[in-house]
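Chain residues, written in single-letter form:
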Amino acid sequence: MHNYSIIIPIHNEAQTLHTLLNELNRFYLEGHQIIIIDDGSTDGSKNILKNSEIIDLITIKDNKGKGHAIKTGLEKVKNPKIVIIDGDLELSPKELIRLMILDKEKGINTVIGY
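Residues numbered from 1 in each chain as written. Predicted model: local features only at pLDDT ≥ 70, side-chain atom pairs only at ≥ 80, totals over all residues. Heavy atoms only, no water.

### Side note on the pairing of strand β1 (residues 4-10)
Part 1 of the reasoning: Most of β1 is tucked away, with 7 of its 7 residues classed as buried.
Part 2 of the reasoning: Burial along β1 is two-sided: Y4, I6, I8 and I10 and S5, I7 and P9, pointing in opposite directions, are all buried.
Part 3 of the reasoning: Direction of pairing for β1 relative to strand β4 (residues 81-84): parallel, over a ladder of 4 bridges. Bridging across to β4, Y4 finds its partner in K81.
Part 4 of the reasoning: In terms of strand pairing, β1 meets strand β2 (residues 33-39) through 6 bridges, oriented parallel. Across the sheet, the residue bridging to I10 is D38, located in β2. (Buried < 20%, exposed > 50% of the residue type's maximum accessible area, 1.4 Å probe, protein only. Helix = DSSP H or I, 4+ residues; strand = E, 2+ residues; numbered from the N terminus. Pairing = 2+ DSSP bridges.)

### Describing unusual backbone geometry
Part 1 of the reasoning: Positive phi outside glycine occurs at N12, with the angle close to 55°.
Part 2 of the reasoning: Residue position: N12 is located in the loop between β1 and α1 (14-29).
Part 3 of the reasoning: Look at L89: it is not a glycine, yet its phi comes out positive at around 70°.
Part 4 of the reasoning: Among the structural elements, L89 can be located in the loop between β4 and α4 (96-99).
Part 5 of the reasoning: When its relative accessible area of 24% is taken as the criterion, L89 is described as partly exposed.

Laid out in C-alpha cells, this is it:
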C-alpha cells in the first residue's frame, strides 16, 4: 500500500483528541502523514496537539470553517493519496484502512465513507 496523507480538521475537539491520537499512531508507524488542522479551537485542543510527534499540526488562529481548514491541509500533503476525516470520532480512525483502497489501475479514484 502506498502511503497516504490523512487530513483531519478539528474545532474544539479536546475531549476526543487523546483517543484520536492513540488510534492514529498505527498509521504514523506505517509511514502515513497525519495532518491535523486546528481551526481556531478555544477549548485547549492546541495544547493537547502541540506536543504530538506523530502529526503535522497546522493552527488557524480564528475559526474559518471546515472547508478552509481542509484547503489549508491540502497545501501541506506529501503523498499523492489523501484521506479526509473529522476529529470527532464519528468515524473511528480504526476504519481508515477501509478507505485506503485508491487504485487508478482498478479505476478506484474516489472513496466515500458514511
